[in-house]
Amino acid sequence: MVWVRRILILALVALIVIQFIPVEKNEGGYASLDNFLQETKPSEEVAAILKSSCYDCHSNQTQYPWYATLAPASFFLADHIEEGKEHLNFANWESYSAKRKDHKLDELIEEVEHGEMPLESYTLIHGDAELTAAETEALINWAKAARLNYSAALQPQ
């Protein structure tokens, strides 16, 4: 029984200590998305879907929940956001080549069509990020239309 108490005290001390490990926040502002928005021209509906369902993990703008400052949740969120931005970062859109932009939009279509995005772990906490059938269709149609700009640029002359 003494060893259980010692383990619990050690776990409590560890939990307190990890609260002092800083985690880098993802705060770039929505202005960093201007190039992406101007180039892909989403409708107001699609822009709202992107903001509520995509930007937290796929841009330099994240709206952090209250628990984002508490470890170990802060570590999980930072890792999740970093991984999301590795796959697609709308704030870096202007640095992508036409081929990469086309590919990223193709991946977006595929992920949304298969219900892989937004992640279930995200929509459990952010219920407004869960896509309805109409929102899914609007997002896919927009991405397909936006791809036409890049597909045309990739065609040999």
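Refer to the structure printed above.
Model, not experiment: these values are computed from the prediction.

Points about the overall build of the protein
Next, step 1: A tally of helices and strands in the protein yields 8 helices and 0 strands.
Next, step 2: Each helix and strand of the protein, ordered N terminal to C terminal, gives the series α-α-α-α-α-α-α-α.
Next, step 3: Its C-alpha atoms give the protein principal-axis dimensions of roughly 75 × 30 × 25 Å.
Next, step 4: Expressed as a percentage of the 157 residues in the protein, the buried residues total 34%.
Next, step 5: The long-range share in the protein, meaning contacts at least 24 apart out of those at least 6 apart in sequence, stands at 77%.
Next, step 6: Entry remark: accessible area of the protein is about 10,100 Å², with carbon and sulfur atoms responsible for 59%.
Next, step 7: Across the protein, the 12 positively charged side chains and the 24 negatively charged ones have centroids separated by 6 Å.

Thoughts on the packing of aromatic side chains
Next, step 1: Summed over the entire model, instances satisfying the criterion amount to 8 aromatic pairs.
Next, step 2: On the basis of an interplanar angle of 35° and a centroid distance of 6.5 Å, the ring pair of Phe90 and Trp93 is categorised as tilted. Each member of the pair, Phe90 together with Trp93, is buried.
Next, step 3: Members of the aromatic cluster, joined through ring pairs, are Phe36, Tyr55, Phe90, Trp93, Tyr96, Trp142 and Tyr150.

Examining helix 5 (residues 73–87)
Next, step 1: Over its 15 residues, helix 5 runs 21 Å from end to end, which matches the ideal 21 Å to within 8%, given 1.5 Å per residue.
Next, step 2: Residues of helix 5 that are buried include every one of Ser74, Leu77, His80, Ile81 and Gly84, and no others. Seen from one end, helix 5 has its buried residues packed into an arc of 130°, which puts them on one side. Among the exposed residues of helix 5, those oriented more than 90 degrees off its buried face are Phe76, Glu82 and Glu86.
Next, step 3: Lining the buried residues of helix 5 we find helix 4 (55–58) and helix 7 (120–125).

Here we look at a negative patch on the surface
Next, step 1: On the surface, a cluster of negative charge is contributed by Glu24, Asp79, Glu82, Glu83 and Glu86.
Next, step 2: Position of Asp79 relative to the elements: it lies in helix 5.

Some thoughts on the environment of Pro42
Next, step 1: With respect to the element layout, Pro42 can be found in the loop between helix 2 (34–40) and helix 3 (44–53).
Next, step 2: For Pro42, a relative accessible area of 18% gives the class buried.
Next, step 3: Each C-alpha atom, one on Pro42 and one on Val23, is 32 Å from the other, the two residues being 19 residues apart in sequence.
Next, step 4: Apart from residues no more than four positions distant in its own chain, Pro42 is found in contact with Leu37, Ala47, Leu50 and Trp142.

Observations regarding the nonpolar core
Next, step 1: Membership of the largest hydrophobic core comes to 24 residues, with the highest contact counts inside it found for Leu50, Phe90, Leu108, Leu139 and Trp142.
Next, step 2: Of all the secondary structure elements, the ones that give two or more residues to this core are helix 3, helix 6 (98–113) and helix 8 (133–154).
Next, step 3: Looking at which element gives the most residues to this core, the answer is helix 8, with 7 residues.
Next, step 4: Once residues lying within four places of it in the same chain are set aside, the contact partners of Leu50 are Phe36, Pro42, Tyr55, Phe90, Leu139 and Trp142.

Scoring rules and cut-offs
Residues numbered from 1 in each chain as written. Predicted model: local features only at pLDDT ≥ 70, side-chain atom pairs only at ≥ 80, totals over all residues. Heavy atoms only, no water. Helix = DSSP H or I, 4+ residues; strand = E, 2+ residues; numbered from the N terminus. Buried < 20%, exposed > 50% of the residue type's maximum accessible area, 1.4 Å probe, protein only. Contact = heavy atoms within 4.5 Å. Areas by Shrake-Rupley, 256 points an atom, 1.4 Å probe, with all protein chains shown as cover. Lys, Arg positive; Asp, Glu negative; His and termini not counted. Charge placed at Lys NZ, Arg CZ, Asp CG, Glu CD. Phe/Tyr/Trp six-rings, centres within 6.5 Å; stacked < 30°, edge-to-face > 60°. Expected span 1.5 Å × (residues − 1). Arc of directions from axis to C-beta. Patch = residues over 30% accessible without salt bridge, like charges linked within 9 Å, V, L, I, M, F, W, Y side chains within 5 Å. Salt bridge = Lys/Arg side-chain N within 4 Å of Asp/Glu carboxyl O. Core = buried A, V, L, I, M, F, W, Y, C linked by side-chain atoms within 4.5 Å.

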